[in-house]
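In case you want the letters, here they are:
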Amino acid sequence: MARPKGPLRAWAVLAWLAVWQVAAMALAAAYPHGGLLLASPLSSLRRLGELAVTVPFWRAVGWSACRILGGFLLSCLAAAVLAALAARYPKAAELFFPPVAAVKATPVASFIILALVWLDSGQLPLFIAFLMVFPTVYLNLLEGIRQTDGKLLEMARVFRVSPARRLRGIYLPQVLPYFRSAASLGLGLCWKAGVAAEVIGLPAGSMGERLYTAKIYYQTPDLFAWTAAIVAVSMAFERLFLKLVDSLLLWQINNFTIGVSRPLPK
């Protein structure tokens, strides 16, 4: 499944970079310390290049990625299990609805502050990433399971297809597109929420801590450089994960057939 191409064009990116550069130059000319308010794209890129060749930079990237993506993967696993239960048992769906709705509606900052009462700052990004991604993945998977072709399921029952083959041959091909959509939204959301948790909780050695330090000391090029690094890492992991999901879906479609037994005599 090819990823749909968005309207991103090089000329548009260059145009906004030019606007950014002009705004930075205007502030620098109008105010003695205008560079503290808005760093230019060139100075930000130069600073990012300086940071990217240091060990602490990659240690911070690895620290944040492990916890934020760990929360994302745990959320996907929990959402898959609970969505299957909710699809099978209507009472379970009713039971899960209030907390899912509450998590969707509550601001992430509220959860971060509450979680700081219960958790160590090092565990905070994982927990917040898990919590913020869960409703999106759960609701999409639940809808995907509910939209599974009833005729295929009836055929599988008539021909006594095993539950394992029913899962691989019927449910997975129809649910994976819903999961892909949820993962695309969830990966961006988990990075935003996870880094916000790091900025508030300040776990040592994280990307969020570096952002906060840059803000405290008015290191504006560092602030933009770390922001660019977070965006780049988030996009790279999103592309990699979605490519894995697409490969799994194509393999499933091209290589798997449902094995059937003879129906029981009436």
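Just so it is clear, the model here is predicted, and its values are computed rather than measured.

(A) Layout of the pattern of salt bridges. By the definition in use, this model includes four salt bridges. With a shortest N-O distance of 2.6 Å, arginine 180 and aspartate 246 are connected by a salt bridge. Of this pair, arginine 180 sits in helix H9 (residues 163–201) while aspartate 246 sits in helix H11 (residues 220–255), and the two are 66 residues apart along the sequence. For the pair formed by arginine 180 and aspartate 246, the shared burial category is buried. Linked by salt bridges that have partners in common, Arg47, Glu50 and Asp222 make up one network.

(B) Structural context of the environment of arginine 168. Here arginine 168 lies in helix H9. Through-space distance from the C-alpha of arginine 168 to that of glycine 49 is 46 Å; in sequence the pair is 119 residues apart.

(C) Spotlight on a nonpolar patch on the surface. The grouping of Leu8, Val13, Leu14 and Leu17 at the surface amounts to a nonpolar patch, some 380 Å² of accessible area in total. With respect to the helices, strands and loops of the structure, leucine 8 is situated in the segment before helix H1 (10–30).

(D) Spatial organisation of the nonpolar core. By size, the foremost hydrophobic cluster in this structure holds 44 residues, and its most contacted members are Phe72, Val137, Tyr138, Phe179, Cys190, Trp191 and Met207. No other element matches helix H4 (residues 55–88), which puts eleven residues into this core. The residues contacting valine 137, other than those within four sequence positions of it, are Cys76, Ala79, Phe179 and Ala182. By size, the runner-up hydrophobic cluster in this structure holds ten residues, among which are Leu124, Ile128, Leu131 and Met132.

(E) Layout of the packing of aromatic side chains. A complete count under the given rule lists nine aromatic pairs for this structure. Between phenylalanine 57 and tryptophan 58, the ring centres sit 5.1 Å apart and the planes meet at 90°, which makes this aromatic pair edge-to-face. On the accessibility criterion, phenylalanine 57 (5% relative accessible area) is buried. Between phenylalanine 130 and phenylalanine 134 the ring centres are 6.2 Å apart and the planes differ by 20°, which places this aromatic pair in the stacked class. Here phenylalanine 134 and phenylalanine 130 lie together in helix H7 (residues 124–146), a separation of four residues that amounts to about one turn. With relative accessibility at 23%, the residue phenylalanine 130 sits in the partly exposed group. These aromatic residues form a ring-pair network of at least three members: Phe96, Phe130, Phe134 and Tyr138. The ring of tryptophan 63 has arginine 67 lying over it, and the distance from NZ or CZ to the ring centre is 3.7 Å.

(F) Representation of the packing of H1 against helix H3 (residues 41–52). Contact pair H1 / H3: the axes reach a minimum separation of 8 Å and the direction vectors enclose 100°. It follows that H1 is roughly perpendicular to H3 by the angle criterion. Across from Leu17, Trp20 and Gln21 in H1, the residues of H3 making contact are Pro41, Leu42 and Ser44.

(G) How the structure looks around H9. When the terminal C-alpha atoms of H9 are compared, their 45 Å separation across 39 residues is substantially less than the 57 Å that a helix rising 1.5 Å per residue should span. In the structure, H9 departs most strongly from a straight axis at leucine 172, where the bend amounts to approximately 50° and where the proline proline 173 lies between one and four residues downstream. Just beyond H9, the residue with positive phi is leucine 202, at close to 50°.

(H) Geometry of unusual backbone geometry. The backbone of leucine 202 sits at a positive phi, close to 50°, despite the residue not being glycine. Counting through the fold element by element, leucine 202 comes out in the loop between H9 and helix H10 (207–216). The phi torsion at tyrosine 218 lies on the positive side, around 55°, for a residue other than glycine. Following the sequence through the fold, tyrosine 218 ends up in the loop between H10 and H11. Using a relative accessible area of 57% as the deciding quantity, one classes tyrosine 218 as exposed.

Conventions used here
- Residues numbered from 1 in each chain as written.
- Predicted model: local features only at pLDDT ≥ 70, side-chain atom pairs only at ≥ 80, totals over all residues.
- Heavy atoms only, no water.
- Salt bridge = Lys/Arg side-chain N within 4 Å of Asp/Glu carboxyl O.
- Helix = DSSP H or I, 4+ residues; strand = E, 2+ residues; numbered from the N terminus.
- Buried < 20%, exposed > 50% of the residue type's maximum accessible area, 1.4 Å probe, protein only.
- Patch = residues over 30% accessible without salt bridge, like charges linked within 9 Å, V, L, I, M, F, W, Y side chains within 5 Å.
- Areas by Shrake-Rupley, 256 points an atom, 1.4 Å probe, with all protein chains shown as cover.
- Core = buried A, V, L, I, M, F, W, Y, C linked by side-chain atoms within 4.5 Å.
- Contact = heavy atoms within 4.5 Å.
- Phe/Tyr/Trp six-rings, centres within 6.5 Å; stacked < 30°, edge-to-face > 60°.
- Lys NZ or Arg CZ within 6 Å of the ring centre and 35° of its normal.
- Axes fitted to C-alpha atoms, helices over the stretch in contact; angles between N-to-C directions.
- Parallel < 35°, antiparallel > 145°, perpendicular 65-115°, else oblique.
- Expected span 1.5 Å × (residues − 1).
- Bend = angle between axes of the 7 residues up to and from the residue.

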